[in-house]
Amino acid sequence: MSYTIGFQAKNQKAVLATEAATANQAVAIIAALRQSADEIKFIRSPQEGEMGIEMLLLLAKEEAEEMPQRV
């Protein structure tokens, strides 16, 4: 499932967007954006529509559970 993260960089008016292929990648992108003081404007996926960070974290957890474990 793909995700689009919309964000606004500090001192900028434009809302930018980036894509992530998985929920776990989207969580990592959001963490990086938060460290650089960017504001998350939206998280969206074609299957789920608009969602909040808590929903994304839940999807990432489910995604990790479905992935085969490496030993």
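Refer to the structure printed above.
Here the structure is a predicted model, which means the values were calculated and not measured.

A. Summary view of the side chain of Thr-22. Examined against the element boundaries, Thr-22 turns out to sit in the loop between strand E2 (16-20) and helix H1 (23-35). Among the polar contacts made by the side chain of Thr-22, one reaches the main-chain amide nitrogen of Gln-25 at a distance of 3.0 Å.

B. Quick look at the nonpolar core. Grouped together as the largest cluster of nonpolar side chains are 13 residues, with contacts concentrated most on Tyr-3, Ile-5, Ala-23, Ala-26, Met-51 and Leu-56. Contributing elements (two or more residues each) for this core: strand E1 (3-8), H1 and helix H2 (53-66). Looking at which element gives the most residues to this core, the answer is H1, with four residues. Residue contacts for Ile-5: discarding those within four places in its chain leaves Leu-16, Ala-17, Thr-18, Ala-20, Ala-26, Ile-29, Ile-30, Leu-33, Ile-40 and Phe-42.

C. Fine view of the packing of aromatic side chains. Tallied over the full model, the rule gives zero aromatic pairs. Above the plane of the ring of Phe-42 lies Arg-44, whose end atom (NZ or CZ) is 4.1 Å from the centre.

D. Looking closely at H2. Helix length check: H2 (14 residues) gives 20 Å between terminal C-alpha atoms against 20 Å at 1.5 Å per residue, within 8%. Considered for burial, the residues of H2 that qualify are Leu-56, Leu-59, Ala-60 and Glu-63. Around the axis of H2, the buried residues are gathered within 105 degrees of arc, so they sit on the same side. Exposed and facing more than 90 degrees away from the buried side of H2 are Glu-54, Lys-61 and Glu-65.

E. Layout of the sheet that holds E2. Strand order in this open sheet of four strands is E2-E1-E3-E4, and the pairing throughout is antiparallel. Because the sheet does not close on itself, it has two edges, and the strands there are E2 and strand E4 (49-51). Neighbouring strand axes in the sheet, compared pairwise and without regard to direction, differ in orientation by 30 degrees on average. Pairing geometry for E1 and E2, over five bridges, is antiparallel. Among the inter-strand pairings, Ile-5 is bridged to a residue of E2, identified as Thr-18. Contacts from H1 reach E1, E2 and strand E3 (39-45), with the element oriented near 10 degrees to E1.

F. Spotlight on the environment of Ser-36. Inspection of the secondary structure assignment puts Ser-36 in the loop between H1 and E3. Once the C-alpha coordinates of Ser-36 and Gln-8 are considered, the two residues, 28 residues apart in sequence, prove to be 11 Å apart. One polar contact links Ser-36 to Asp-38, side chain to side chain, over a distance of 3.1 Å.

Quick notes on the rules
- Residues take numbers from 1 onward in each chain, read along the sequence in its written order.
- Local features in this predicted model are restricted to residues whose pLDDT is 70 or higher, and side-chain atom pairs enter the listing and the counts only when it is 80 or higher, whereas totals over whole chains, interfaces and linings include all residues.
- Side-chain measures were taken over the full set of non-hydrogen atoms in the model, leaving aside hydrogen atoms and water.
- Secondary structure elements follow DSSP: runs of H or I no shorter than four residues count as helices, runs of E no shorter than two count as strands, and numbering proceeds from the N terminus.
- A 3.5 Å cut-off defines polar contacts: any pair of N or O atoms within that distance qualifies, except that in protein one atom must be a possible hydrogen donor and the other a possible acceptor, and neighbouring residues in sequence count only when both atoms are side-chain atoms.
- Take the buried Ala, Val, Leu, Ile, Met, Phe, Trp, Tyr and Cys residues and link them wherever side-chain atoms come within 4.5 Å; each set so joined is a nonpolar core.
- We call a residue buried when its accessible area falls under 20% of the maximum for its residue type, exposed when it is over 50%, and partly exposed in between, using a 1.4 Å probe and counting protein chains only.
- In this analysis, two residues are considered to be in contact whenever any of their non-hydrogen atoms come within 4.5 Å of each other.
- Paired rings are identified among Phe, Tyr and Trp, the last through its six-membered ring, by centres lying within 6.5 Å, and are further divided according to the angle between planes into stacked (under 30 degrees), edge-to-face (over 60) and tilted (the rest).
- Think of it as a cone above the ring: NZ of Lys or CZ of Arg counts as a charge over the ring if it is within 6 Å of the ring centre and within 35 degrees of the ring normal.
- Expected span, for any helix, means 1.5 Å times one less than how many residues it has.
- Each C-beta atom gives one direction from the helix axis, and the arc is the one those directions make.
- Pairing between two strands requires that DSSP report at least two bridges joining them.
- Fitted lines through C-alpha atoms serve as axes, helices being fitted only where they are in contact, and the angles separating the N-to-C directions of these axes extend from 0 to 180 degrees.

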